[in-house]
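Read off the chains here:
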Amino acid sequence: MSDRLSRRKLITASLAAAAGATGLGIAARLADRYGLIPPDDGGIYGVGETMTYAAQRLLTHRTLAREYTRSDISKVAPVKGEPPENETYQRLLAGGFADWRLKIDGLVARPTFFSFAELKRFPAESHIYHQACEEGWSFIAEWVGVPLSYVLNLVGVLPRAKYVVFFGFDTNFDAADKRTIKGKWNSIDKADAWHPQTLLAYGMNGKEFLPPGHGAPLRLRIPRQLGGKSTKYLSWITLTDTVKDIGQGFGAGGVERGFSWYAGI
Ligand SMILES: Nc1nc2c(c(=O)[nH]1)N[C@H]1C(S)=C(S)[C@@H](COP(=O)(O)O)O[C@H]1N2
Ligand SMILES: [Mo]
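Anyway, here's the lowdown on the structure attached to this text. Since we're looking at a predicted model, the values are computed, not measured.

Our next topic: the overall build of the protein chain. Across its full length, the protein chain holds eight helices and nine strands. Per-residue burial over the protein chain gives 48% buried out of 265 residues. Counting only contacts in the protein chain whose residues sit at least 6 apart along the sequence, the fraction spanning at least 24 positions is 69%. A total accessible area of about 12,400 Å² is found for the protein chain, and carbon and sulfur atoms account for 57% of it.

Listed below in C-alpha cells is the structure:
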C-alpha cells in the first residue's frame, strides 16, 4: 500500500469515527470537501503531517496567534537571505517601487493590478507577533499592512477557489509552463488566507517601508505558520482550485527542498 493511500485511509478512518459516518466513502468525501488533505500528501513526510493539518483545521483554525507589546519587539530582526538579484527586482527597487504592481488573478471575479499607493490607502492594521524560522531562530516584530482578506474580498474570490498562491521576485514566475516554476513560491488555504491576523505587510517596526531584505515592497505575514510560509518580495498572487499544475505540484517550492507544505504553529 502506498504512503499516500495509507494516510488518506488513516485520516478518513478517524473522520468516520469522529463523525459517526457509516462508511469510509462518506468520510473520504468529507475530508476532501473540508480541505483536510494537504497538497504535499504524497510527499516525503509521514502520517503526522497530514494528521496535524487535519487536526488544526478541525479544531483551531480560527485561534489567534499571541500578540505582544512594543517593549517586546526584538532588538535585532534577522534577515533570511538576500533580496532578489535579478534585473527586474533591482530596477523596481531603484525606482522606489513606483512601477511595481501586485497582480491578483486566477479564480477571482475581478483580476486586478494594485500599486503600492493603492494598497497603502486601504484600511491598515498593525500586529506585533512572533516569527520563527524552521532553522531555529525567531524574533518579535511589529508589521503594518492590509489584511489579506480585505484585498481578496475586493477582487472577489470565486467559491471554487481552494488555495491562495504567492510568487516572489525570487521565483521564475513568468515561466510559460507553470510546471517549470521554481523558487520561493508558496500557497495557503482559505482558512489561513482569511485568518484575521494574516497581513500583506508593507512596513515594520515603525518604518513606512520594508527594508529590502525583509521583503520590500510587500510580503505575506502569516503568524500561525513558520516564517518560511510568509513569502517576501511579492509580485503575483493567484487563486486556484489545485496546486498540482504548479512546479512539482506540492503547493510550495520548499516541499521540493524537503520542507512540509503545512508549517502550522
Ligand atoms: N520570496 C521569499 N520569501 C521568503 C523567503 C525567501 O527566501 N524568499 N524566506 C522565507 C523564510 S525561510 C523565512 S524564515 C522568512 C524570513 O523572513 P525575514 O527575512 O523577514 O526574517 O521569510 C520567508 N519568505
Ligand atoms: Mo525560514
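A few words now on the pairing of strand 5 (residues 163-168). For strand 5, the tally of buried residues reaches six of six residues, placing the bulk of the element in the interior. Burial of strand 5 is two-sided: the residues Tyr-163, Val-165 and Phe-167 facing one way and the residues Val-164, Phe-166 and Gly-168 facing the other way are all buried. Where strand 5 lies against strand 6 (residues 186-189), four bridges are found, and the strand directions are antiparallel. Its bridge partner being in strand 6, Phe-166 is matched across the sheet by Asn-186.

The next point concerns the site of ligand 1. Lining the immediate surroundings of ligand 1 are 19 residues, of which Lys-80, Asp-170, His-214, Arg-219 and Lys-232 lie closest. Contacts to ligand 1 include Arg-219, whose side-chain N or O atom sits 2.7 Å from an oxygen atom. Between a nitrogen atom of ligand 1 and a main-chain N or O atom of Ser-230, the distance comes to 2.9 Å. For ligand 1, whose free accessible area comes to 530 Å², the fraction covered by protein is 94%. When the residues that make up the shell around ligand 1 are grouped by side-chain class, the tally is six nonpolar, seven polar and six charged.

Within the open sheet, the five strands sit side by side as 2-1-9-5-6. Their pairing is mixed. Edge strands, defined here as strands with exactly one partner in the open sheet, are strand 2 (112-115) and strand 6. Taken over all neighbouring pairs, the strand axes of this sheet differ in orientation by 20 degrees on average, direction set aside. Note that strand 5 and strand 9 (residues 234-240) share six bridges and pair antiparallel. Following the sheet pairing, Tyr-163 is matched in strand 9 by Thr-240. Lying over the sheet, helix 6 (residues 148-155) contacts strand 1 (101-106), strand 2, strand 5, strand 6 and strand 9, oriented at roughly 140 degrees with respect to strand 2.

As a further point, take the nonpolar core. Leu-102 and Leu-200 are the most contacted members of the largest nonpolar core, which totals 41 residues. When residues of this core are assigned to their parent elements, the largest contribution, five residues, is made by strand 7 (residues 199-204). Here Leu-200 is in contact with Leu-102, Val-144, Gly-145, Val-146, Leu-148, Val-151, Leu-218, Arg-219, Leu-220, Leu-234 and Ile-237, once residues within four sequence places are set aside. Ranked by size, the runner-up nonpolar core spans 14 residues in total, among them Tyr-53, Ala-175, Trp-236 and Ile-246.

Right, let's talk about the packing of aromatic side chains for a bit. Overall, the coordinates contain 17 aromatic pairs when judged by the stated rule. An angle of 80 degrees between the planes, with centres 5.8 Å apart, marks the rings of Phe-114 and Phe-122 as edge-to-face. Each member of the aromatic cluster is reached from another via a ring pair, and the members are Tyr-89, Phe-97, Phe-169, Phe-173 and Tyr-233. It is Lys-103 that lies over the ring of Trp-236; its NZ or CZ is 4.7 Å from the centre. A cation over an aromatic ring shows up here: Lys-120 above the ring of Phe-209, its NZ or CZ 4.4 Å from the ring centre.

Conventions and cut-offs
Residues numbered from 1 in each chain as written. Chains lettered and ligands numbered in written order. Predicted model: local features only at pLDDT ≥ 70, side-chain atom pairs only at ≥ 80, totals over all residues. Heavy atoms only, no water. Helix = DSSP H or I, 4+ residues; strand = E, 2+ residues; numbered from the N terminus. Buried < 20%, exposed > 50% of the residue type's maximum accessible area, 1.4 Å probe, protein only. Contact = heavy atoms within 4.5 Å. Areas by Shrake-Rupley, 256 points an atom, 1.4 Å probe, with all protein chains shown as cover. Pairing = 2+ DSSP bridges. Near = heavy atom within 4 Å. Polar contact = N/O pair within 3.5 Å; in protein donor to acceptor, adjacent residues only side chain to side chain. Nonpolar A, V, L, I, M, F, W, Y, C, P; charged D, E, K, R; others polar. Axes fitted to C-alpha atoms, helices over the stretch in contact; angles between N-to-C directions. Core = buried A, V, L, I, M, F, W, Y, C linked by side-chain atoms within 4.5 Å. Phe/Tyr/Trp six-rings, centres within 6.5 Å; stacked < 30°, edge-to-face > 60°. Lys NZ or Arg CZ within 6 Å of the ring centre and 35° of its normal.

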